[in-house]
Amino acid sequence: MTSAPSPAPKLELLTSRQFVSWLRETGGSIALSTYHSGKVLFVGTNAGTDRISVFERSLERPMGMAVSGNRLAIASLYQVYTFIDALGDGETARGADAVYVPQVSHFTGDLDVHDMGYTSDGRLVFANTLFSCIAEISETHSFKPLWKPRFISRLAAEDRCHLNGLAMKDGRPAYVTTVGKGDVADSWRDARVSGGVVVDVESSEIVCSGLSMPHSPRWHDGELYVLNSAQGEFGRVNLASGRFEPIAFLPGYARGLTFFGHYAIIGLSAPRSNRTFEGLPLQDRLDAQGMSPRCGLQVVDLRTGDVAHWLTIEGIVTELYDVIALSRRRSPSMIGFKTDEIRRVISMDGKGAPIEVATVLGPQAIVGIPRSYDRFRPLPAQKQSASRRPQNGSHPLTWLEA
């Protein structure tokens, strides 16, 4: 007798009592990336039911994200995607007030891209973890290096210090976090407990040291915040004294930090049982509290240091990497790559004419048309024959040095 197959893992979300009402009052939503599960999640509120709304799409190892206006950039295994919100102000499509449509993909190779950000002139910069540097997107190469820490002697594909975090200030890269200061391949793993640093990009000086696997530096309202991840701490860096000042303890491995006003939204992961996460101070602190690590979000009030709201994720998702706030988008959605939907999404540049987005239900898609057109014909759904489907190939990846 054969046993029944075990049910597939589900995605379950639990929230504090006031999380949904708080999120609704912000007027925005939160995007999360989880590379372990290959998902991008949009957590918002449903205007019709006043309940939480969750929209998910699958990408291959999504990591860092950045938003600027209607652009949303997401780093994946060997590409950086740029999505554009196809809806205008006040428009909706099947209940969504934002629909992110993929428009551009830059093939970077597997650079282990972590944090990303947009500069004031619209360039996309990122933490190039494999090469221990800050880089920007190149139109002709895998990347264009911009800056490296002073303790890194040369660019090499060796992940020497695990440069993971990037804080933007006034539209420029301002601070980075690294797990170690070693100049040897993979040396950061021996510095996990207390070798982490925050580096000022402009001066190349270390402004804070002694951290435990720091992540997600962010400049907000004149303060530099950072996650001391392996200690389970969220805090600020006192730039005058060079000290890390804890604000709140977090019951999980913290990565991903964003803000709505005076609230910090922090992503938590349940650490895996592997060498990267073994022996960290976080586990001792959790054991002392009789707690297990959580995956989800903690919302910390910067005025008091209290955890005001929380969201816990259970089931298929156990880790998060990045967290970003999407202002004025309460219930966003995204066009994915795994269905025929992507074939039927067509927008037309009006060449100066305003673009009106029309929503078509069923098998049709969102089609952008100039307002001078009084009607349009939706594209019909078509079956793709087996002979036209792309065949998977095992071709070696060619890396081109910048």
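Structure: see above.
So, a few notes on the structure that sits alongside this text.

Cut-offs applied
Residues numbered from 1 in each chain as written. Predicted model: local features only at pLDDT ≥ 70, side-chain atom pairs only at ≥ 80, totals over all residues. Heavy atoms only, no water. Helix = DSSP H or I, 4+ residues; strand = E, 2+ residues; numbered from the N terminus. Buried < 20%, exposed > 50% of the residue type's maximum accessible area, 1.4 Å probe, protein only. Contact = heavy atoms within 4.5 Å. Polar contact = N/O pair within 3.5 Å; in protein donor to acceptor, adjacent residues only side chain to side chain. Pairing = 2+ DSSP bridges. Axes fitted to C-alpha atoms, helices over the stretch in contact; angles between N-to-C directions. Phe/Tyr/Trp six-rings, centres within 6.5 Å; stacked < 30°, edge-to-face > 60°. Core = buried A, V, L, I, M, F, W, Y, C linked by side-chain atoms within 4.5 Å. Salt bridge = Lys/Arg side-chain N within 4 Å of Asp/Glu carboxyl O. Patch = residues over 30% accessible without salt bridge, like charges linked within 9 Å, V, L, I, M, F, W, Y side chains within 5 Å. Areas by Shrake-Rupley, 256 points an atom, 1.4 Å probe, with all protein chains shown as cover.

## What about the side chain of T129?
By secondary structure assignment, the location of T129 is in the loop between β10 (124-128) and β11 (133-136). By relative accessible area, T129 is classed as buried at 0%. Sequence-distant contacts of T129, defined by excluding residues within four places in its chain, comprise L111, D112, H114, D159, H162, L163 and N164.

## A closer look at the environment of D112
Its place among the elements puts D112 in the loop between β8 (98-107) and β9 (113-118). Along the primary structure D112 and F131 are separated by 19 residues, whereas in three dimensions their C-alpha atoms are 8.9 Å apart. When neighbours within four sequence positions are excluded, D112 is seen to be in contact with R61, M63, A127, T129, L130 and H162. Engagement of the side chain of D112 in a polar contact is seen with the side chain of R61, the distance being 3.3 Å.

## So, the sheet that holds strand β15 (residues 196-200)
A sheet is described by the order of its strands in space; here four strands give the open sequence β13-β14-β15-β16, paired in antiparallel fashion. Only two strands of the sheet have a single neighbouring strand rather than two, namely β13 (163-169) and β16 (206-211). Within this sheet the neighbouring strands show an average axis-to-axis angle of 20 degrees, counted without direction. Judged from the four bridges that link them, strand β14 (residues 172-178) and β15 form a sheet pairing that is antiparallel. Paired with Y175 across the bridge in β15 is D200.

## A short note on the packing of aromatic side chains
Considering all chains together, one arrives at twelve aromatic pairs under this definition. Seen from their ring centres, W22 and Y263 are 5.7 Å apart, and the 70 degrees between their planes marks the pair as edge-to-face. With a gap of 241 residues between them, W22 in helix α1 (residues 19-26) and Y263 in strand β22 (residues 263-269) connect regions that are remote in the sequence. On the accessibility criterion, Y263 (17% relative accessible area) is buried. Between Y225 and F259, the ring centres sit 5.4 Å apart and the planes meet at 50 degrees, which makes this aromatic pair tilted.

## A closer look at the nonpolar core
Core analysis: the largest hydrophobic core is formed by 20 residues, its most contacted members being F19, W22, I30, L32, I265, L297 and I313. Those elements that place two or more of their residues in this core are α1, β2 (29-34), β3 (39-45), β22, β23 (296-301), β24 (307-315) and β25 (323-326). Residue contributions to this core peak at four residues, all from α1. Among the nonpolar cores identified, the runner-up in size contains 15 residues, and A75, V113, Y118 and L124 belong to it.

## Let's talk about the pattern of salt bridges
In the structure shown here, the tally under the stated rule is 18 salt bridges. A salt bridge links R160 to E158; the nearest nitrogen and oxygen atoms lie 2.6 Å apart. Take R160: its relative accessible area is 5%, and that puts it in the buried class. Taking the shortest distance from any N to any O, the salt bridge between D340 and R343 comes out at 3.8 Å.

## Examining a nonpolar patch on the surface
Together, L11, V54 and I316 make up an exposed nonpolar region whose accessible area comes to about 200 Å². Structurally, I316 can be placed in the loop between β24 and β25.

## Let's talk about unusual backbone geometry
With a phi angle near 55 degrees, D170 is a residue other than glycine that sits in the positive phi range. For D170, the location among the structural elements is in the loop between β13 and β14. In this structure, M213 is a non-glycine residue whose phi angle is positive, near 50 degrees. When its relative accessible area of 3% is taken as the criterion, M213 is described as buried.

## Quick notes on the pairing of β3
Successive residues of a regular strand alternate their side chains across the two faces of the sheet. The element β3 is largely enclosed, with a buried count of seven among its seven residues. Neither face of β3 is exposed, since K39, L41, V43 and T45 on one face and V40, F42 and G44 on the opposite face are all buried. Here β3 runs beside strand β4 (residues 52-58); their pairing, made up of seven bridges, is antiparallel. Counterpart to F42 in the pairing with β4 is F55.

Nothing here speaks to function; it is geometry throughout.
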